[in-house]
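Chain residues, written in single-letter form:
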Amino acid sequence: MQFNSYSYLLLLLIVVPVCWALPMKARRWYVLALSILFYASWSPAFLLAPLALCVGVFFAAIRIAAGGRRERLWFLGALTYALGFLIFFRYQALWWPVMAALLRGFGHAPARTALQIAVPLGISFYSFEAISYLIDIRQRRVQPTRFSDLFLFVMFWPHLIAGPIVRFRELVPQFAFKKQFDMAMMMRGMDRLILGIVQKNLLADPLGSWVDDGFATQLAQANTTVDNWFLAIGFGLQIYFDFASYSNMAIGVAQLIGIQLPENFRFPYHASTPADFWQRWHMTLSRWIRDYLFFPINVRFQGAPIPLYLSLLGVMALVGLWHGAGYGFVLWGVLHGCYLVFYRIYEGLQKKHWPSLEHSRVMSIFWKVFTLVAAMTAWVPFRATGYDQATAMLKSMFAHFTFGITQPLNFYLVVLLACAFTAIEPFLEAVFTRWDAWAGKSVTRTNLRMYLWRPAIYAFGLLLFLAFDERNTQFIYFQF
Amino acid sequence: MPKPLQAAITLGCTVLVLFLLLIARPFLVASNVLDALFGVPPKWTQVEDVYKNPHTQEVTRGDDPVSSLRVLADFWGARPNDTRILFVGNSQMHVISLARGEARPTGTEKTYVDQIANRLAKDSPQIRTYRLSSSGMSYPEVLWELLYMTGKPELHPDAMVLQLNYQAFWTGGIRESLLGLLNDDAFRHQIEAVIGANEAYSAEFQDALHRYDESKSTRNVTNTANNGIAAAFSASKTPGYAIETAVRRVLDRSGLFRGRSDHKNDFVDFLYRCRLYFLRLKPSTARSVSGARLLVSRASVEDAVKLADEKKIQVFLFNAPVNPLVSLYRTPEDKASYQEFVTKLAKENGGPLYDFEDTITAEHWGNLLNGPDPLHMGRAAHAQMAQEMYTKIPLNRVKGTR
C-alpha cells in the first residue's frame, strides 16, 4: 500500500482515531498488528524476512547481553547473520555469478535467471536497524527486551519501507504510548503528511517523467551540455523530493499517533560544504554510518590523515553499495568520498597555513557552489542506464561542450521551477513557523488558524494531490 | 472544547474547503483572470463549430485515434475499390482561429482540408480522403500511425499528403491515446522490431511500449537496470493494489472525483499562461532544433516517407504556411538547415516540395492568447490554402495502388 494512495489516506482516517481511543497498553499491539498488515499488503510472504531476521537477532542479543567468553562469538555470528540476510536478498547480482561459476565447475549449467528471489521491500533499511540494535546491545547502550519490542521496532509501518533509519533507544521507549493526545504534534503531523503528498505528486513525479525521457538510452547520446546539466539537476531534485516526501509522510503519520521519528532531510542543496551535505541528506543513514562504521574505524587510527581519507572513501563506497549492487551506486558513493577527502584536505591546510580563510566569504561561496555542483554531478552515474551513458554525459558536462537545447522547453522550465522552490524552502519554513507562533498568541487567531487557514492550506494541498494523481508511480527508495 | 474534537473539526473544515475548491476550479478562474488582464481576444474567435465527419476525419483530434481508425476501417473496408488519400498534419488542419475583422461564426465552418475533400468529392467521386490530424503532432507519431495503417489492408492509403512544419520538429514522443494501437499483436511486433533496430526514434517507441505495458499494470517495483538479477515483483499483484483499486472504484462514482484530471489541466493551463504572459515564452518563440530532438524528428519523417514508398503510397510533401508575424527560426542557419532538409527529403521522394510557408499574409492569421498565432489561420486563409493546394497538388490524379 503506497503512502500516496487513496486507500492509505482513507485508512489513516480510521486508524489514527482508533489508536487514540484505545487504552495505552493496547496501542502497541494495535500498532504492531497494523504494521504487519501494512507490510503484508505488499506481499504476505515478505513478512517471513523481518520475522526471521528478528528471531535470530533477538536470541543472539540475549546471549550477547549475558556476557561471558562467547559474547564476541555470538556478536560476530549475529552480525554475519544480519549482513548475510541483506547480502542474500539484496546483492544477488554479486554472489549469484560466483555461485553459478562454482555450480558450473561441478558440471551444472544454471541459467542466469535460474535464481529469481524477490527482494523484500525495505530490507536495506530494517537490516541496518537490526545491526544497530546488535551493536547497541554489545556496547551496553540498550538492554534486550521483549521480542515484541524488537519486532515492533523493525516493523513500525511508517519507517518500515524506506526509513528514516531509527535506533532502538529512540523509538522503543515511545511505544509505551504514555503521551496524552497532543494537538500540536497532531497538527505538525498533518502538515508533514500534506507536504509529503504534494512534494511527491506535484514535484517528484512530474520531474521524473521528464528526466526519464532525457535519460532514454539512445537519445542521451545526442544531448547537449545544457541538456545534461539540466538532467543532472532534474534528477537531483526528483530524488530529493521523492525521498524527502516519503520521509515527511513517514514522520507525519508517526506524529499523528504520537511517535516522533528522527529527521531525514534538512535542505541538503543548501549545504555549505560536502561534509555539511551529509548532515542534511539522508541524515539517518549518515548518522548510522558515522556512528557504527566511520568513528570506530577512525578511533583506531586517532585521526591520522591517510587512514582518515581511505576510510572516507571506503565508507562512502559502502554507502553507495547500500543502494544496490550496481556500479553506478558505488561510483556515486566514491565520488562523494572524493569530495569529502578534498574538503578534509582543504580543512587541514586551511587550519595549518591559512587561518585567515576560516571566515572568508569567497571560500564560503566557493564551497557552497562546489558542493552543489559536485552533488548534482554525482547523480549522473547514480541515474544513468549504463556506464557508457554516464561517461558520455559527464564528458559533455565537463569537457566536450555543446550548446543549445534539445528537450521540450517545458522540461527546462519545470526544472527551474523546482530549483526555485528548493531555493526558497528554508524561507518558507521560517515564515510558516513564525506565522504559526504568531497565530497561537490569541484565542481568535488560534481558532482562525485551526478552522480556517490550516484547513484551507490542507485542502489546497489535497487538491494538488488529487489533480496530479498518478497511480503507477513508486518511491525511488523503495527499491533500496 | 476537547482537543480530539478540535482536530476532528479541523479535518471536517478541510474536507469542506476541498469540496468547495473542487467545485470552484480555482486554477481555471485564475487563468480567466489572467486572460482578462492581458487582453485576450473573445473566445468565439476560436471557432468551435468546425465541420466533423468520422468518415473523412480523425474527429477526436488525437484524443482517441484508435476508435476513429476503427470507424475508418469499416468505412474504407466497405469500399475497397476507391482511391484513398490521407492528409497528415498538426492542428493547423483542424483549427480555425479567426483573424481580426473576420465575422463571428454563424454556422459550421470548414478547414482547408475539408474544403479540398469537398472539391475532390465533386470532381473525382471515387477518391476518399481522410484527415489524420492531431494537436502537437510529432513525426514519431506520424511514423507510428503509418506503420499501423500500412499493416491493415482496410486502412492502407494510396496517397499521403504530409505536412512539414518546423514547429513539429520540436515535438517528440508518442501520446497516450496512440498506445491503444499496441493491442494489435501484429503492430506490437512491428514496434518491437523497430525498437530492436536501434533507430534514432527507437527510444521513443520503447518508452511508448513501456508506458503501454505499465498501463496494463505490469509495472515492477524494482529497477532491474541498476539492480542486477534480483527478481522484481509486480506491484499490480499485491493485496494493497487490489484494495486501492476497490477504493478508486468507489470514489469514481463521484463526479467531483472523476473530474480531478480537469484540475490538472487547469493547473497546467494556468502555468502555461504564466509562461506566456510573464516570461514571454511562447510556443512560437524562435528556437533552434538540434541534438536528439532533431535526429529523432528527421529520422521519423524520413522513414515515414521511405515506408510509404515501400508500400507504394504516393507521397505529397508540403511546407505548411507560417504566420509572417512570427519567426520560428532562431537563426538564419536554422531556417537554411530546415529548408535544406525538406528539399532533400522531397528530392529523395522523387517529387516536388509544395511550399506554402509564405502563402498566407499576416492579416489572415488568428491570435494565440495575447500574441499572433504561429499556426492557426482564419476563415479566408483556409479558403485560400484550399484553393492553392487543390490547384498545385495533383490530388485528383491519384490512382489506386493497392
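Residues numbered from 1 in each chain as written. Chains lettered and ligands numbered in written order. Predicted model: local features only at pLDDT ≥ 70, side-chain atom pairs only at ≥ 80, totals over all residues.

Engineer: Explain the overall build of chain A to me, using residue names and the numbers behind them.
Structural biologist: On a plain count of helices and strands, chain A comes out with 20 helices and zero strands. Computed over C-alpha atoms, the radius of gyration of chain A comes to 24 Å, within 12% of the 23 Å expected from 2.2 N^0.38 for 480 residues, which places it in the range of a compact globule. Dimensions of chain A along its principal axes, counting C-alpha atoms only, are 75 × 65 × 55 Å. Counting only contacts in chain A whose residues sit at least 6 apart along the sequence, the fraction spanning at least 24 positions is 75%. (Helix = DSSP H or I, 4+ residues; strand = E, 2+ residues; numbered from the N terminus. Rg over C-alpha atoms; globule rule 2.2 N^0.38 Å. Contact = placed C-beta atoms within 7 Å.)

Engineer: Talk me through the overall build of chain B; I want residue IDs and the actual numbers.
Structural biologist: Looking only at helices and strands, chain B has 13 helices and seven strands in total. Taken over the C-alpha trace, chain B has a radius of gyration of 24 Å; the compact-globule value for 402 residues is 21 Å, and the two agree within 12%. Overall, the C-alpha framework of chain B stretches about 85 × 60 × 45 Å when taken along its three principal axes. The long-range share in chain B, meaning contacts at least 24 apart out of those at least 6 apart in sequence, stands at 82%.

Engineer: Could you give me a rundown of helix 19 (residues 409-439) of chain A, with the residues and numbers involved?
Structural biologist: All names here are of chain A. Compared with the 45 Å implied by 1.5 Å per residue over 31 residues, the 41 Å span of helix 19 between its first and last C-alpha is a close match. Roughly 50° is the biggest bend found in helix 19, and it falls at glutamate 425, with proline proline 426 one to four residues downstream. Looking only at helix 19, the buried set comprises Phe411, Val414, Val415 and Ala418. Looking at the buried side of helix 19, the elements it contacts are helix 10 (183-214) and helix 12 (225-256). (Expected span 1.5 Å × (residues − 1). Bend = angle between axes of the 7 residues up to and from the residue. Buried ≥ 20, exposed ≤ 12 C-beta atoms within 10 Å, placed from the backbone.)

Engineer: Please provide a residue-by-residue account of the domain arrangement of chain A, values included.
Structural biologist: How big an interface is tends to be stated in terms of accessible area lost as the parts join. All names here are of chain A. Assigned domains of chain A: these are domain 1 (20-178) and domain 2 (181-480). In this structure, domain 1 and domain 2 have C-alpha centres spaced 27 Å apart. With 22 residues of domain 1 at the interface, the matching set in domain 2 holds 24 residues. Where the side of domain 1 that touches domain 2 is concerned, the elements lending two or more residues are helix 5 (92-105), helix 6 (123-138) and helix 8 (157-160). Tallying contributions element by element places helix 6 first for the side of domain 1 that touches domain 2, with four residues. Residues belonging to the side of domain 1 that touches domain 2 are distributed by class as follows: 15 nonpolar, five polar and two charged. (Domains from an automatic or database assignment. Nonpolar A, V, L, I, M, F, W, Y, C, P; charged D, E, K, R; others polar.)

Engineer: Outline helix 20 (residues 443-467) of chain A, supporting the account with residue identities and numerical values.
Structural biologist: In this model helix 20 of chain A runs 35 Å from its N-terminal to its C-terminal C-alpha over 25 residues, within 8% of the 36 Å that 1.5 Å per residue would give. The sharpest bend along helix 20 of chain A measures roughly 45° and falls at arginine 449 of chain A. Within the span of helix 20 of chain A, buried status applies to Arg454, Pro455, Tyr458, Ala459, Gly461, Leu462, Leu463, Leu464, Phe465, Leu466 and Ala467 of chain A. Tucked into the core, helix 20 of chain A has its buried residues touching helix 10 of chain A together with helix 1 (3-24) and helix 10 (260-277) of chain B.

Engineer: Quick rundown of the confidence of the model for chain B? Include the residues and the values.
Structural biologist: Here chain B averages 87 in pLDDT, while 93% of its residues score no lower than 70. Listed scores for the predicted complex are pTM 0.79 and ipTM 0.81. (pLDDT = per-residue confidence, 0-100.)

Engineer: Run through unusual backbone geometry, naming residues and quoting values.
Structural biologist: All names here are of chain A. One non-glycine residue, arginine 140, lies in positive phi territory at about 60°. Residue classification places arginine 140 among the exposed residues on the basis of 10 C-beta atoms within 10 Å. Located in the positive-phi region is histidine 282, a residue other than glycine, with phi close to 40°. The topology assignment puts histidine 282 in the loop between helix 13 (274-277) and helix 14 (283-301).

Engineer: Which residues make up the environment of glutamate 348 of chain B, and what values go with them?
Structural biologist: Mapped onto the elements, glutamate 348 of chain B comes out in helix 12 (residues 332-349). The spatial distance from the C-alpha of glutamate 348 of chain B to the C-alpha of lysine 306 of chain B is 9.1 Å, given a sequence separation of 42 residues.

Engineer: Summarise the sheet that holds strand 1 (residues 83-89) of chain B; cite the residues concerned and give the values.
Structural biologist: Residues and elements named next belong to chain B. One open sheet accounts for five strands, arranged 2-1-3-4-5; its pairing is parallel. Lying at the two open borders of the sheet, with one neighbouring strand each, are strand 2 (127-133) and strand 5 (353-355). The mean inter-strand angle of the sheet, taken between neighbouring strand axes irrespective of direction, is 20°. (Pairing = 2+ DSSP bridges. Axes fitted to C-alpha atoms, helices over the stretch in contact; angles between N-to-C directions.)

Engineer: Could you give an account of the pairing of strand 3 (residues 159-164) of chain B, with specific residues and numbers?
Structural biologist: Residues and elements named next belong to chain B. Across the six residues that make up strand 3, a large majority, six, are buried. Side-chain alternation along strand 3 places Ala159, Val161 and Gln163 on one buried face and Met160, Leu162 and Leu164 on a second face that is also buried. Pairing analysis gives four bridges linking strand 1 to strand 3, with the strands arranged parallel. Among the inter-strand pairings, leucine 86 is bridged to a residue of strand 3, identified as methionine 160. In the sheet, strand 3 pairs with strand 4 (residues 314-319) via six bridges, with the strands oriented parallel. Across the sheet, glutamine 163 pairs through a bridge with phenylalanine 318, a residue of strand 4.

Engineer: A description of the environment of glutamine 190 of chain B should follow, citing residues and the corresponding values.
Structural biologist: Residue and element names in this part refer to chain B. Relative to the assigned elements, glutamine 190 resides in helix 6 (residues 185-196). Taking the C-alpha atoms as reference, glutamine 190 lies 38 Å from leucine 281; in sequence the two are 91 residues apart. Residue contacts for glutamine 190: discarding those within four places in its chain leaves Leu147 and Gly151.

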